Each structure stands twice: as structure tokens, then as C-alpha cells.
Amino acid sequence: MSATPQGAAAQPFARHSIRLTLNGQARQLDVLPWTTLLDLLREQLDLVGSKKGCDHGQCGACTVLRDGKRVNACLTLAVMCDGAELTTVEGLANGDQLHPMQQAFIKHDAFQCGYCTPGQICSAVGLANEGRAHDSAQIQELMSGNLCRCGAYSNIRDAIEEALPACRNAGGEQ
């Protein structure tokens, strides 16, 4: 027995219209209800800076900023971002002027393979927005959700420690 009444056409899944600000630009998008923010960014919007690492919220490679706070894009449904302001690593720079956190990561060679770097940088900017990290140990603890398989942790911590004052003076995001 069919779940569709005889003669009725099967209906496709309903898409949901969402409005958001993405990297400073207002966007209206239609998304399926199960689409993750990460899949929306990478597959529909071609913003591939955020990486799909574990797809379970355990590695931080997909970290982006939602209303200035860090979130794991792999665990966030796109429909949950209706009305939100989203910033990805692609949106941190101001034209050719890198964000202070990006500059510090380069200066301190805070990456090796680079896979985790976009998530690390977005998480570090979110950390600056939170204003809770005041020393090296606090940075290390509050960044513990972002994994680096290459082990560049000391350089990452040094970069964040140096960039925090500039980020706070700039209001976190640039």
C-alpha cells in the first residue's frame, strides 16, 4: 500500500528560506531542513575554507563565527542560522589587509599542513571576542576543541597570545 493517495504526485522535500549576513553580505538562501551549515558553505556557496574533519564536532576544523561566537559548522543546521551574521575565514580579511589573527598565524608559522588553520583562526577570533583568555594556559584550555594533527600547538598559542590585544582593540572581528 502506498503512502501517497492514488493519483496524487509525490511532493519533494520542502526547502526553507533563510536570510543571513555572510561575510558582510546579506544573503537569502533556500535550504533543505537537514543541510548543515558546513555543507551549505562548502557545497552550495563554494566557501571551502572551513574544512570537514571529523563531521562530529570533535576536531574544530569547521569552526566559523555566528554572531561573533565560534560554532562547529558540522553540528549547526543551516536553518538555525536564519537572521544570523556569519563570518568564515574568507571574511576575516578587509580586502588585502589580513585580520590581525591571520597576520599572527603567518608570523609565528602557526600551521604545518594547514588543514586545521581556518578553524583555528576563526576559533581564535571567537576567543578574542569572548574576552576570557588572559594568559597562555587559558588560551590553551579554551582552544582545546581545535585539534592540530601536525602538533603546531605552541606556535598557534604564541600567535593567539600576540594577536589577542589587537583583536580586542578592533572589537574582535575586523
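Residues numbered from 1 in each chain as written. Predicted model: local features only at pLDDT ≥ 70, side-chain atom pairs only at ≥ 80, totals over all residues. Heavy atoms only, no water.

As annotated in an unreviewed UniProt entry, the protein chain is (2Fe-2S)-binding protein from Pseudomonas quebecensis.

Peer 1: So what's going on with the pairing of strand 3 (residues 63–66)? Residues and values would help.
Peer 2: The sheet contact formed by strand 3 and strand 4 (residues 69–72) spans 4 bridges and is antiparallel. From the neighbouring strand, Arg66 faces strand 4, where its bridge partner is Lys69. Turn length for the strand 3-strand 4 hairpin, with the two strands adjacent in sequence and antiparallel, is 2 residues, and the turn residue Asp67 shows positive phi of about 55 degrees. (Pairing = 2+ DSSP bridges. Helix = DSSP H or I, 4+ residues; strand = E, 2+ residues; numbered from the N terminus.)

Peer 1: Help me get a handle on the packing of aromatic side chains, residues and values and all.
Peer 2: What the rule picks out here adds up to 1 aromatic pair. Arranged with centres 5.0 Å apart and planes meeting at 90 degrees, the rings of Phe13 and Trp34 form a pair that is edge-to-face. Placement of the pair is Phe13 in the segment before strand 1 (16–22) and Trp34 in the loop between strand 2 (25–31) and helix 1 (37–44), with a sequence separation of 21 residues. Residue class for Trp34 comes out partly exposed when judged on its relative accessible area of 46%. (Phe/Tyr/Trp six-rings, centres within 6.5 Å; stacked < 30°, edge-to-face > 60°. Buried < 20%, exposed > 50% of the residue type's maximum accessible area, 1.4 Å probe, protein only.)

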